[in-house]
Amino acid sequence: MSSDLESRGEVVVPDGAGAEGDPIPNPGVPPHEPRITDVDEAAATRAERQIATMFGLAAVLVLAFVVAYLLVPKHAAFLGFGASNLALGMTLGLALLLIGLGAIQWARRLMDSHEIVEERHPARSSDEDRAEAIATVRLGGAESGIGRRTMIRRTLIGAMAALGLPVVILLGDLGPLPGSRSAHTIWRRGTRIANDVTYKVLRPEDLELGQLVNAVPANLEDLPEGSERNNARAKAAVILVRMEEGDFRTLPGRRDWSVDGILCYSKVCTHVGCPINLYEQVARQVLCPCHQSTFDLADSGKVVFGPAARSLPQLPIMVDSEGYLVAQSDFTEPVGPSYWERG
Ligand code: FES
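Okay, so let's go over this structure. (Residues numbered from 1 in each chain as written. Predicted model: local features only at pLDDT ≥ 70, side-chain atom pairs only at ≥ 80, totals over all residues. Heavy atoms only, no water.)

**Remarks on the pattern of salt bridges**
Cut-off, in case you're wondering: Just to be clear on terms, a salt bridge is a Lys or Arg side-chain nitrogen sitting within 4 Å of an Asp or Glu carboxyl oxygen.
Taken as a whole and judged by the stated rule, the model has 11 salt bridges. A salt bridge links Arg124 to Asp127, with the nearest nitrogen and oxygen atoms 2.9 Å apart. Salt bridges linked by common partners bring Arg192, Asp320 and Glu322 together as one network.

Laid out in structure tokens, this is it:
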């Protein structure tokens, strides 16, 4: 079948394509346009030189990579970056980039250029195959007796329709949304703070200067054993650390959130919720083992390294009438990963 475009010479329809009866006329391909490098020898030479320059520079950069690896000191800094990493990354990265760009230019400007038409075999099956398939389906239907056995047919249709119900019912598990539930833990005003191994309730004098203690709310024991208690424990876990008074920075409004230099923070990493448990006493920082987020306990739990985007939530604490460390309230912000924080 020839189209108007073909008769005007704007497209070329390959031999044998566009057979009579095809549902969509073959649009053909535009006539071949030679590139400047196909018709101008000087342009081809220029392109060759440019591409060779890129490959040559890439080779020089690879040598520079080897030199940088051998000579740049591992701990030297440049513009605030590690000089060694910077030099290795820049040289090897640029070398790979130049090789890639050179290859692309080579293919686009100098390699042989001509259109290729790949014929597809007809998608339609032969008449014999179609007739055979229909006969097989009919035979199957006849042998199963589905046409005669109306009771089986109806109950099967009913069973298949019922299968849609679990899908609808299970959608209910997608909701309701947790709302503000994720923002709360079982800490309450007056909840005593207990060591998370011995469950001994803690007094300020139980913590030495510089010491860090993992702790939980003492009212955990009131919850039934099992997943409810485990979940509550995971969310409410805290770390207590004691520092010299005046040796740490608190946020405005949090001056009375500590007791004798004892500060209390959530133990749940604000990245994706791993328990934080590596303590660097000298730096007064805690490190999350999952992705190395590091939090400065002497600076209101601020993130100093790693992927966490939010400071560790601080639990306000005080001492009760019997001298035990207790919470002043629940956390004032959601604990755990930042995606818990909404609104
Ligand atoms: S969960 Fe702590 S750094 Fe990723």
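Read on for the rest.
**Regarding the sheet that holds strand 3 (residues 193–195)**
Quick note on the threshold: Only strands joined by at least two bridges in the DSSP assignment are considered to pair. The numbering of helices and of strands both runs from the N terminus, where a helix is a DSSP run of H or I of at least 4 residues and a strand a run of E of at least 2. Note on definitions: angles span 0 to 180 degrees between N-to-C directions of axes, and those axes are lines fitted to C-alpha atoms, for helices only across the stretch in contact.
What the four strands build is an open sheet, ordered 3-4-5-6; its pairing is antiparallel. Each edge of the sheet is formed by a strand with only one pairing partner; in this case those strands are strand 3 and strand 6 (262–266). Mean inter-strand twist for the sheet, computed between neighbouring axes without regard to direction, equals 40°. Direction of pairing for strand 4 (residues 212–217) relative to strand 5 (residues 238–242): antiparallel, over a ladder of four bridges. Paired with Leu212 across the bridge in strand 5 is Val241.

**Some words on the nonpolar core**
If you look at soluble globular proteins, the nonpolar side chains tend to sit buried side by side. Spelled out, the test is: Grouping buried Ala, Val, Leu, Ile, Met, Phe, Trp, Tyr and Cys residues that are joined through side-chain atoms within 4.5 Å yields what is termed a nonpolar core. Burial status follows relative accessibility: with a 1.4 Å probe on protein chains alone, a residue under 20% of its type maximum counts as buried, one over 50% as exposed, and anything between as partly exposed. Two residues form a contact once any of their heavy atoms are found within 4.5 Å.
Grouped together as the largest cluster of nonpolar side chains are 24 residues, with contacts concentrated most on Trp187, Ile193, Leu240, Leu315, Ile317 and Leu325. At three residues, strand 4 tops the list of elements feeding residues into this core. Filtering out sequence-adjacent residues up to four positions away, Ile193 remains in contact with Trp187, Lys200, Val201, Leu202, Ala215, Val216, Leu240, Ile317, Leu325 and Val326. The next biggest cluster of nonpolar side chains, apart from the first, holds 16 residues, and it includes Leu263, Ile276, Val286 and Phe295.

**Thoughts on the environment of Thr250**
Assignment of secondary structure puts Thr250 in the loop between strand 5 and strand 6. C-alpha of Thr250 to C-alpha of Gln314: the two residues are 64 residues apart in sequence and 10.0 Å apart in space.

**Things to note about the sheet that holds strand 10 (residues 302–305)**
With antiparallel pairing, the four strands of this open sheet are ordered in space as 7-8-9-10. A single partner strand is all that each edge strand has here, and the edge strands are strand 7 (278–280) and strand 10. For this sheet, the mean inter-axis angle between neighbouring strands, taken without regard to orientation, is 30°.

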